[in-house]
Amino acid sequence: MNTFAAVDLGASSGRVMAARVGDGALELTEVRRFPNRPVRAAGTLHWNILGLYGEILDGLKAAGPGLTSIGIDSWAVDYGLLDRSGALLGNPVHYRDGRTDGVMERVRAELGDAYLYDVAGLQFLPFNTVYQLVAERDGLDRAHTLLMIPDLLAYWLTGRTGAELTNASTTGLLDVRTRTWSAALLERLGLPRRLLPELREPGEVIGPLRPDVATETGLPGDVPVTAVASHDTASAVAAVPARGEDFAYISCGTWSLVGVELPGPVLGEEGRTANFTNEAGIDGTVRYLRNVMGLWLLQESQRAWGLGPSDLPALLEAAAGVPAFQAVVDPDAPEFLPPGDMPARIAERCRATGQRPPATPPEVVRCIMDSLALGHRAAVREAARLSGRRVEVVHLVGGGSRNELLCRLTADACGLPVVAGPVEATALGNVLVQARAFGVVKDLAEMRGLVAATQPLRRYEPGGDPAAWDDAAARAGLR
Ligand code: LFR
């Protein structure tokens, strides 16, 4: 048996997990969990990156000395900048910060959607790395190296810089066909080529711990940090317990990432206008998906009401008792993206579409659940249609797979069975890429088989009235 540590940072919490893998077993233990609280300072929303790094060091220390390797994944698109000496310049900015307001629109108008999509194959999201960089273009003089969040943490652990491929593919600067940095695009944007370090593949060993890190964590100095699919969504999809290829997935947490896995990109105009993305997965696969706003709508509503995670079960139970479709919204309305008073924004959206706004927290939550299920349905259907992939089952993984109401509504809305779980798909994908790199498992099929055989899963058969879903979709302005 080998033990691998997975550092997995989500938008609202981080964790260090330890997994024992071997002989048909895959046992995941949570070593340390900590909140990830963005901080607004002088008007800018930042990640508390040093706080997170401190938690990671504590977690690795607690994971103990018997580790075969360590892997790191996090959300995508965000980065830190290093100066020539390797020191961090400024604190990484949160992708929901307002500094990118209007930037994407300007870049699109200048370079054209067709060109941008043809180079990177990426959905147009205002916070993509490329737009963040353009937003701070004038201040890049002192910046020598850009490191995506997991690469930055790996750098602090090992002293080695590099850009892991799956996360690099979310920047908007990676050529989707060649999977190398697009020098042409960088030049057209006036962004320095020097910023982007050499690419590394998931499964590549990054290096051993720095001596001071080994001392601080009590880990042997030869424990390697291994590049995993460091974009959390890439790790989650690697751990989808699917057999064959006729499946869609929903990686459901703060975001719902909804799509199919393909052997290569789909770059047509239809996919571009439907805002589908071609993100790099392991083994040359492509995650053809769309971002759906996800449980962010619920998390921000809870925050507005002063309710915490422990209040969620009661809230969801009450929401399950509220009649369906009283009000539905397009969950991807741009006004839902920044932090703020979500119930008020949802109410406003309902009024604007001629619906009575939900009045009580359970009604708001019901509206969010129905609306997310509609968002899931639209994205699953469009992913299948645009890619030509047959979808027989939807795998819903991540924290959202605990939400029975959302799983059931998603099955009903899609008219497809939903297999829910594993909850910790991201950490499992992180671990399994390491396990494969160290020869403990063979290939992607075996990784997925191991997840299916060892992790608790729950199946929801579709029910409900399809015509009622069609009607609700039309009301929300969705298909
Ligand atoms: C999910 C995720 C999404 C990405 C968003 C922002 O955690 O990584 O894939 O679009 O966060 O980085």
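Values in this document were obtained by computation on a predicted structure and should not be read as measured data. (Residues numbered from 1 in each chain as written. Predicted model: local features only at pLDDT ≥ 70, side-chain atom pairs only at ≥ 80, totals over all residues.)

So, the pairing of strand 15 (residues 256-262)
Note the threshold: Note on burial: count the other C-beta atoms lying within 10 Å of the residue's C-beta; 20 or more is buried, 12 or fewer is exposed, in between is partly exposed, and C-beta positions come from the backbone. Strands are runs of DSSP state E lasting at least two residues, helices are runs of H or I lasting at least four, and both sets are numbered from the N terminus onward. DSSP bridges decide pairing: two strands pair if at least two such bridges lie between them.
Most of strand 15 is tucked away: six of the seven residues are buried. Hairpin remark: strand 14 (residues 247-252) followed by strand 15, antiparallel, with three residues in the connecting loop. When strand 15 meets strand 17 (residues 286-292), the two strands line up antiparallel, connected through seven bridges. Bridging across to strand 17, V260 finds its partner in Y288.

Digging into the site of the ligand
As a reminder, the rule being used: Each residue receives a C-beta atom built from its backbone; the residue is near a molecule or strand if that atom lies within 6 Å of it. The nonpolar class holds Ala, Val, Leu, Ile, Met, Phe, Trp, Tyr, Cys and Pro. Asp, Glu, Lys and Arg form the charged class, and all remaining residues, Gly among them, are polar. Each domain's extent is set by a domain assignment, obtained either automatically or from a database.
In the neighbourhood of the ligand, the contacting residues comprise A11, W75, A76, V77, Y95, H231, D232, T233, T254, W255, L257 and N291. Broken down by class, the residue content of the shell around the ligand amounts to seven nonpolar, four polar and one charged. When we break the shell around the ligand down by domain, the ones giving at least three residues each are domain 1 (2-230) and domain 2 (234-421 + 457-478).

Here we look at the sheet that holds strand 19 (residues 418-420)
Where strands meet in a sheet, backbone hydrogen bonds hold them as pairs that are either parallel or antiparallel. Short version of the rule: Axis lines are fitted through C-alpha atoms, for helices just across the contact stretch, and the angle between N-to-C directions can take any value from 0 to 180 degrees.
An order of 16-17-15-14-18-19-20 is seen for the seven strands of this open sheet, with the pairing classed as mixed. For this open sheet the edge positions go to strand 16 (277-280) and strand 20 (458-460), each flanked by a neighbour on one side alone. Strand-to-strand, the axes of this sheet are offset by a mean angle of 30 degrees, without reference to chain direction. Direction of pairing for strand 19 relative to strand 20: antiparallel, over a ladder of three bridges. Bridge pairing links V419 to R459 in strand 20.

Re the sheet that holds strand 9 (residues 145-148)
Under the convention used in this document: C-beta atoms are placed from the backbone for every residue, and two residues are taken to be in contact when these atoms lie within 7 Å.
Across the sheet, three strands lie side by side as 8-7-9; this open sheet has antiparallel pairing. Each end of this open sheet is capped by a strand with a single partner; those strands are strand 8 (88-89) and strand 9. Where strand 7 (residues 79-82) lies against strand 9, four bridges are found, and the strand directions are antiparallel. Bridged to L81 within strand 9 is L146. Relative to strand 9, helix 5 (residues 149-158) is tilted by about 105 degrees, and along the sheet it contacts strand 7 and strand 9.

Some words on helix 17 (residues 444-454)
Rules: Directions pointing from the helix axis toward each C-beta atom define the arc.
Within helix 17, the full set of buried residues consists of L444, M447, R448, L450 and V451. Take helix 17 and look down its axis: the buried residues cluster within an arc of 155 degrees, on one side only. Of the residues in helix 17, the exposed ones pointing more than 90 degrees away from the buried face are A445 and A453. Taken together, the buried residues of helix 17 touch strand 3 (25-35), helix 9 (232-238) and helix 16 (425-437).

So, the nonpolar core
Going by this rule: To form a nonpolar core, buried Ala, Val, Leu, Ile, Met, Phe, Trp, Tyr and Cys residues must be joined through C-beta atoms within 7 Å.
If you look at the biggest cluster of nonpolar residues, it comprises 150 residues, and the most contacted ones within it are A238 and A239. Here this core spans two domains, since at least three of its residues come from each of domain 1 (2-230) and domain 2 (234-421 + 457-478). Setting aside residues no more than four positions away along its own chain, A239 makes contact with V397, P422, A425, L428, G429, L432, M447 and V451.

Points about the UniProt feature "domain: Carbohydrate kinase FGGY C-terminal" (unreviewed entry) in the protein
Stated formally: UniProt positions are given in the numbering used here, feature names are shortened, and annotations may be inferred rather than shown by experiment.
Mapped onto the present numbering, the UniProt feature "domain: Carbohydrate kinase FGGY C-terminal" (unreviewed entry) falls on residues 248-437. Between the first and last C-alpha atoms of residues 248-437 the distance is 26 Å; the span itself is 45% helix and 16% strand.

Things to note about the UniProt feature "domain: Carbohydrate kinase FGGY N-terminal" (unreviewed entry) in the protein
As recorded in UniProt, the feature "domain: Carbohydrate kinase FGGY N-terminal" (unreviewed entry) lies at residues 68-237. Within the segment residues 68-237, helix and strand shares are 34% and 16% respectively, and the terminal C-alpha atoms sit 23 Å apart.

Re the packing of helix 14 (residues 361-387) against helix 15 (residues 404-414)
Where we set the bar: Between 65 and 115 degrees an angle is taken as roughly perpendicular, under 35 as roughly parallel, over 145 as roughly antiparallel, and anywhere else as oblique. Less than a right angle of anticlockwise turn of the near helix away from the far helix marks a crossing as left-handed, whereas a clockwise turn marks it as right-handed.
Packing of helix 14 against helix 15 brings their axes to within 8 Å, and their N-to-C directions diverge by 45 degrees. Taken as axis vectors, helix 14 and helix 15 run oblique relative to one another. Along this stretch, helix 14 crosses helix 15, giving a crossing that reads as right-handed. For the pair helix 14 and helix 15, the contacting residues are M369, D370, L372, A373, L374, H376, R377 and V380 in the first and L405, L406, L409, T410, A413 and C414 in the second.

Let's talk about the domain arrangement of the protein
Its domain assignment divides the protein into domain 1 (2-230) and domain 2 (234-421 + 457-478). Between domain 1 and domain 2, the C-alpha centre-to-centre distance is 26 Å. Each partner contributes residues to the interface: domain 1 has 23 residues there, and domain 2 has 22 residues. Broken down by secondary-structure element, the contributors of at least two residues to the side of domain 1 that touches domain 2 are helix 3 (113-120) and helix 6 (165-168). If you tally residues by element for the side of domain 1 that touches domain 2, the top one is helix 3, at three residues. Across the side of domain 1 that touches domain 2, the residue classes tally to 10 nonpolar, eight polar and five charged.

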